[in-house]
Amino acid sequence: DGDASPHYVFDHDVWPELLEEYDASVGGVFPDDLFSILGAARKAFRWFLVGPRCSGSQPHIDPDGTSAWNALIAGRKHWVL
């Protein structure tokens, strides 16, 4: 549509196929999921993002003060911290 700065699509209903490959311990660095004690009260914490060329977001604070691990599958991205 000619948008010079399109945004990502965020989806927290991660596909089951992706969850099979998901390592919440990040290779053993974080062996315990301390938020698991929240059970059903736990808010969404795994997100799949996809976007077209030049996509991104405005500077922001992640929901509920969380942090994110980011991985780029193809292409290149410029992160500003």
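The model shown is predicted, which means the values in this text are computed figures rather than measured ones.

**Things to note about the overall build of the protein**
Argument step 1. Secondary structure assignment for the protein yields 1 helix and 2 strands.
Argument step 2. When its helices and strands are written in sequence order, the protein yields β-α-β.
Argument step 3. In terms of C-alpha radius of gyration, the protein reaches 15 Å, well past the compact-globule figure of 12 Å for 81 residues.
Argument step 4. Once the C-alpha set of the protein is aligned to its principal axes, its extents read approximately 45 × 25 × 25 Å.
Argument step 5. Looking at the protein as a whole, 7% of its 81 residues qualify as buried.
Argument step 6. Considering only intrachain contacts with a sequence separation of at least 6, the fraction spanning at least 24 residues in the protein is 78%.
Argument step 7. For the protein, the exposed area adds up to about 7,600 Å²; of that, 59% sits on carbon and sulfur atoms.
Argument step 8. Here the protein holds 6 positive side-chain charges and 12 negative ones, and the gap between their average locations is 8 Å.

**Notes on unusual backbone geometry**
Argument step 1. Within the chain, C54 stands out as a residue other than glycine whose phi angle is a positive 70°.
Argument step 2. Considering the arrangement of structural elements, one finds C54 in the segment after β2 (48-50).

**Topic: the side chain of R42**
Argument step 1. You can see R42 is positioned in the loop between α1 (16-21) and β2.
Argument step 2. In terms of polar contacts, R42 uses its side chain to reach the side chain of D33, at 2.7 Å.
Argument step 3. Setting aside chain neighbours within four positions, we find R42 in contact with D33, F35 and S36.

**Points about the confidence of the model for the protein**
Argument step 1. Of all residues in the protein, 98% attain a pLDDT of 70 or more, and the chain-wide mean is 80.
Argument step 2. Averaged over each element, pLDDT in the protein is lowest for α1 (79) and highest for β2 (83).

**Some thoughts on the side chain of S55**
Argument step 1. Inspection of the secondary structure puts S55 in the segment after β2.
Argument step 2. Given the relative accessible area of 7%, S55 is considered buried.

**Considerations on a nonpolar patch on the surface**
Argument step 1. A cluster of nonpolar side chains, V26, V29, F30 and W69, forms an exposed patch at the surface whose accessible area comes to about 450 Å².
Argument step 2. Here W69 lies in the segment after β2.

**Observations concerning the pattern of salt bridges**
Side chains that carry opposite charge are capable of pairing whenever their charged atoms lie near each other.
Argument step 1. The tally for this structure, following the rule as stated, stands at 1 salt bridge.
Argument step 2. For the salt bridge of R42 with D33, the shortest nitrogen-to-oxygen distance reads 2.7 Å.
Argument step 3. D33 gets classed as partly exposed once you look at its relative accessible area, which sits at 36%.

**Examining the packing of aromatic side chains**
Argument step 1. One pass over the full model with this rule turns up 1 aromatic pair.
Argument step 2. Ring centres of Y8 and F10 lie 6.2 Å apart, and the angle between their planes is 85°; this geometry places the pair in the edge-to-face category.
Argument step 3. Y8 sits in the partly exposed class, given a relative accessible area of 22%.

Each value, and the rule that gives it
- All residue numbers refer to positions counted from 1 along the written sequence of the respective chain.
- It should be noted that, the model being predicted, local features are given only for residues of pLDDT at least 70 and side-chain atom pairs only at 80 or more, the latter also being counted only at that level, while totals for whole chains, interfaces and linings use all residues.
- The basis for every side-chain value is the complete set of non-hydrogen atoms in the structure, without hydrogens or water.
- Under the scheme used here, helices are H or I runs from DSSP no shorter than 4 residues and strands are E runs no shorter than 2 residues, and both carry numbers assigned from the N terminus.
- Radius of gyration means the value over C-alpha atoms here, while the globule rule gives 2.2 Å times the residue count to the 0.38 power.
- Relative accessibility thresholds used throughout: buried, under 20% of the residue-type maximum; exposed, over 50%; partly exposed, between the two (1.4 Å probe, protein chains only).
- Contacts: residue pairs with any heavy atoms within 4.5 Å of one another.
- To be clear on the numbers: accessible area is Shrake-Rupley with a 1.4 Å probe, and residue cover counts the displayed protein chains and nothing else.
- When charges are counted, neither His nor the chain ends are considered; positive counts come from Lys and Arg and negative counts from Asp and Glu.
- Where a charge lies is defined by one atom per residue type: Lys uses NZ, Arg uses CZ, Asp uses CG and Glu uses CD.
- N or O atoms closer than or at 3.5 Å make up a polar contact, with two conditions inside protein: a donor-capable atom paired with an acceptor-capable one, and, for residues adjacent in sequence, both atoms drawn from side chains.
- For every residue, the predictor assigns a confidence score, pLDDT, that lies between 0 and 100.
- A residue counts toward a patch only above 30% relative accessible area and without a salt bridge, and it is joined to like-charged neighbours within 9 Å or, for Val, Leu, Ile, Met, Phe, Trp and Tyr, to nonpolar neighbours within 5 Å.
- By definition here, a salt bridge exists when the distance from a side-chain nitrogen of Lys or Arg to a carboxyl oxygen of Asp or Glu is within 4 Å.
- Here a pair means two rings of Phe, Tyr or Trp (six-membered ring of Trp) with centres within 6.5 Å. Their orientation is stacked below 30 degrees between planes, edge-to-face above 60, and tilted elsewhere.

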